[in-house]
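Residues per chain, in single letters:
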Amino acid sequence: MIVDPGTLGKALKHRRLELDLTQVKLARRLGMTQSYIAAVERGDRETRWSTVLELARALELEAMLIPRE
């Protein structure tokens, strides 16, 4: 479960590396800048849900909302 920007960034970076993508390649796929991808991965940016969904799709991930217990 991801609860903060830093954890989200680490998860996205881990998946990007699994897919053997550079930040530049991912950014180009999404029409974003490499510096934006780097900031998200570092947890320096709070990311809109729509952007999280775009990143998830590009990284072949499913984004889910799970009710709190």
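In short, a report on the structure. Throughout, a residue's number is its position along its own chain's written sequence, starting from 1. Under the rules for a predicted model, residues below a pLDDT of 70 receive no local features and side-chain atom pairs below 80 are neither given nor counted, while totals for whole chains, interfaces and linings still include all residues. Each side-chain value is derived from all of the structure's non-hydrogen atoms; neither hydrogens nor water enter the calculation.

**Examining helix H2 (residues 23-30)**
- Only protein chains enter the area calculation, which uses a 1.4 Å probe; residues under 20% of their type maximum are buried, those over 50% are exposed, and those in between are partly exposed. Numbered from the N terminus, helices here are DSSP runs of H or I no shorter than four residues, and strands are runs of E no shorter than two. Among the residues making up H2, those that are buried are Gln-23, Leu-26, Ala-27 and Leu-30. An end-on view of H2 places all buried positions within 100 degrees of arc, on one side of the element. The exposed set on the far side of H2, more than 90 degrees from its buried face, consists of Arg-28 and Arg-29.
- Positive backbone phi, at 70 degrees, marks Gly-31, one or two positions downstream of H2. The arc in question is the one traced by the directions running from the helix axis out to the C-beta atoms.

**Describing the nonpolar core**
- We call a set of buried residues a nonpolar core when its members are Ala, Val, Leu, Ile, Met, Phe, Trp, Tyr or Cys and they connect through side-chain atoms within 4.5 Å of each other. Of all hydrophobic cores here, the largest spans 14 residues; its most connected members are Leu-12, Leu-26, Leu-30, Ile-37 and Leu-55.
- Of all the elements in the fold, those that place two or more residues in this core are helix H1 (5-18), H2, helix H3 (34-42) and helix H4 (49-58).
- By definition in these notes, contact holds between two residues if any of their heavy atoms fall within 4.5 Å. Setting aside its immediate chain neighbours within four residues, Leu-12 contacts Val-40, Leu-55, Leu-59 and Leu-61.

**A closer look at the packing of H2 against H4**
- Working convention: axes come from line fits to C-alpha atoms, limited for helices to the stretch in contact. Angles between N-to-C directions cover 0 to 180 degrees. The N-to-C vectors of H2 and H4 enclose an angle of 115 degrees; their axes lie 10 Å apart at closest approach. Once H2 is placed against H4, the crossing between them reads as right-handed. Counted together, Leu-26, Arg-29 and Leu-30 of H2 and Glu-54, Leu-55 and Ala-58 of H4 form the full contact between these two elements.
- Each residue receives one of three labels: charged for Asp, Glu, Lys and Arg, nonpolar for Ala, Val, Leu, Ile, Met, Phe, Trp, Tyr, Cys and Pro, and polar for the others, Gly being one of them. Residues that form the contact of H2 with H4 fall into these classes: four nonpolar, no polar and two charged. Working rule for handedness: look at the near helix, and if it is turned counterclockwise from the far one by less than a right angle, call the crossing left-handed; if clockwise, right-handed.

**Examining the environment of Pro-5**
- As for its position among the elements, Pro-5 is in helix H1.
- Linking Pro-5 and Asp-44, residues 39 residues apart in sequence, is a C-alpha distance of 7.3 Å.
- Contacts of Pro-5, omitting those with residues within four sequence positions, involve Val-40, Gly-43, Arg-45 and Glu-46.

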